[in-house]
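# A structural walkthrough
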Amino acid sequence: MGKKRNAKKSGGKVTGPVKLLPQTRTELSALVDEVFKRCTKVPSATAPNAAQDWAEYTEIFQLVQNIQNLEKDVLLPSYSRQEQIPAFMSWLKEKGVKVNGVEIGDFGMQGFGLRTNEDLQQGVEVINVPLEAMMTEDTARKSYLGPLIERDPILQHMGNVSLALHVLGEFVNPQSPWQPYLRILPPSYSTTLYFSQEEILGLKGSPALEEAVRQFRNIARQYSYFYRILHSLPEARSWPIKDYFTFDAYRWAVSTIMTRQNRVPTKGASGQLALIPAWDMCNHEQGIYSTDYDEEKNCCVCLAQKDFKKGDQFTIYYGKRHNVELFLHNGFVEIGNENDSLAIKLGVSKNDPLHDEKVALLTSLGLPSSGSFMLIPGLHPISPGLLAFTRIFCMDKGSLDKWKDDGEKAKGLLHEDCDVGTTVQDKTWRFLHTRVSLLVRAYPTTLEEDQAALPALKGNEAIVRSLLVCEKMILKDAMTYLSSLLPK
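Let me sum up the structure you'll find in this document.

Calculation criteria
- Residues numbered from 1 in each chain as written.
- Predicted model: local features only at pLDDT ≥ 70, side-chain atom pairs only at ≥ 80, totals over all residues.
- Heavy atoms only, no water.
- Pairing = 2+ DSSP bridges.
- Helix = DSSP H or I, 4+ residues; strand = E, 2+ residues; numbered from the N terminus.
- Phe/Tyr/Trp six-rings, centres within 6.5 Å; stacked < 30°, edge-to-face > 60°.
- Buried < 20%, exposed > 50% of the residue type's maximum accessible area, 1.4 Å probe, protein only.
- Core = buried A, V, L, I, M, F, W, Y, C linked by side-chain atoms within 4.5 Å.
- Contact = heavy atoms within 4.5 Å.

Further remarks concern the sheet that holds strand E6 (residues 102-106). Read across the open sheet, the four strands follow the order E6-E7-E15-E12; overall the sheet is mixed. Each end of this open sheet is capped by a strand with a single partner; those strands are E6 and strand E12 (283-284). As defined by bridge partners, E12 adjoins strand E15 (residues 313-316) across two bridges and the pair is classed as parallel. Bridge pairing in E15 links Asn-283 to Thr-315.

This next bit is on the packing of aromatic side chains. All told, the structure shown has 26 aromatic pairs when counted by the stated rule. Measuring from ring centre to ring centre gives 5.9 Å for Tyr-223 and Tyr-227, while their planes differ by 50 degrees; the resulting arrangement is tilted. Taken as a pair, Tyr-223 and Tyr-227 lie in helix H10 (residues 207-230) at a separation of four residues, close to a single helical turn. With relative accessibility at 1%, the residue Tyr-223 sits in the buried group. Judged by its relative accessible area of 3%, Tyr-227 falls in the buried class. Taking 5.7 Å as the distance between ring centres and 85 degrees as the angle between the ring planes, the aromatic pair formed by Tyr-223 and Phe-247 counts as edge-to-face. Placement of Tyr-223 in helix H10 and of Phe-247 in helix H12 (residues 247-260) is noted, with a sequence separation of 24 residues between them. This pair shows no difference in class: Tyr-223 is buried, exactly as Phe-247 is. An aromatic cluster of at least three residues, connected via ring pairs, comprises Trp-54, Tyr-57, Phe-61, Phe-216, Tyr-223, Tyr-227, Phe-245, Phe-247 and Tyr-250.

By size, the foremost hydrophobic cluster in this structure holds 143 residues, and its most contacted members are Ile-127, Phe-245, Tyr-250, Phe-314, Phe-327, Leu-375 and Leu-413. By residue number, the principal contributor to this core is H10, which donates 13 residues. Among all residues touching Leu-413, those that are not within four sequence positions of it are Leu-361, Leu-365, Leu-387, Ala-388, Arg-391, Ile-392, Met-395, Trp-403, Cys-418 and Val-420.

Here you go:
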């Protein structure tokens, strides 16, 4: 459909949003309504299988592609990140942000980061960011979006969503005091929201596939929800965000929050989500926590987590996150991640004659009766929770009776050296061996094939294949361990 360009021009460049023709807007609104309908429909009483989930995702993905096509000329302002550095550094100084011994640098596939311009010793203060320099849930409420945030149930309970709208609203407002910071943010991200359908399908066999599909569905639902609000709310007519609000724009804002948000303390409350300028330029490296929040001075303080030589990339440790979490929320995978894990979904059937007894024993250990239990890297890949759940799952009534009345004794089920009897132990190892074997066979490629292909891959394909390699290495460890324990 045709588009009507009636944005103002400056120096031959379009400086405002493209206005869609009424016919195009009508077509777009119908698609948005259909996306909202599909993303909010009540799930069936029976759990959908993987094929049904994928079919629904494919339909929603196609609808979103149609939306993107209609919105393709409505573009966010674009800036050269390199050219924005001087203005950003001046803005940091005005805001009272202290940056010592580092400067912004381009690290290729990792994007922009911080490079040391002098030797730094472990423990020296490198970055200090006062609360006044941060974009937070509070600054969102103080913006023109405040009244909407105060009355909308989603924005009231999901600080990350209100922060995403806040970021987008300030980014498209030329008068925003946040412009020097927002203009230096990446124009796109490597989160799965930017993946093609083929790239998402490359996750087949991985627990990340279901999570990525769910994430896309959630963001499509949020986009359609807020599109309808922004185009029906009378006061939104004058809001800068309204004419720029596209799926691509919302995807960018959400990815900005996912990859950069952190929680900072708030007096009298549990804290609030925030974007922390300068500090959020730091890329991740395995190490120790070196960032803290000084509640007395109301600022974020970042120390050097180790000794750095001049010219090194200055990195921080993001914390104990497994690779699926890093993949979905940060857009990268860390091979050799010592905090990695692989989820196995297990549950006690309600049809199990011993359901109540098993659930009671699990509850006494703080374990759910159904959920995700973790395989971990290394020589002992069965996590305590997974081991205890499987042991209880495999118990008969006589075994359950031996453990149910002694809470302290039951804690032993979390440990490998606990004597649960030969019958239960043999059932446990057989059950886990079968489940891990099924997980291995769910992948269309082998570990060796992934490792051979990885060096030649780039971009999203490389990230996906790196995740598969990490998962299959955990499974390989688990198979080796469990095979050695199977009864002869």
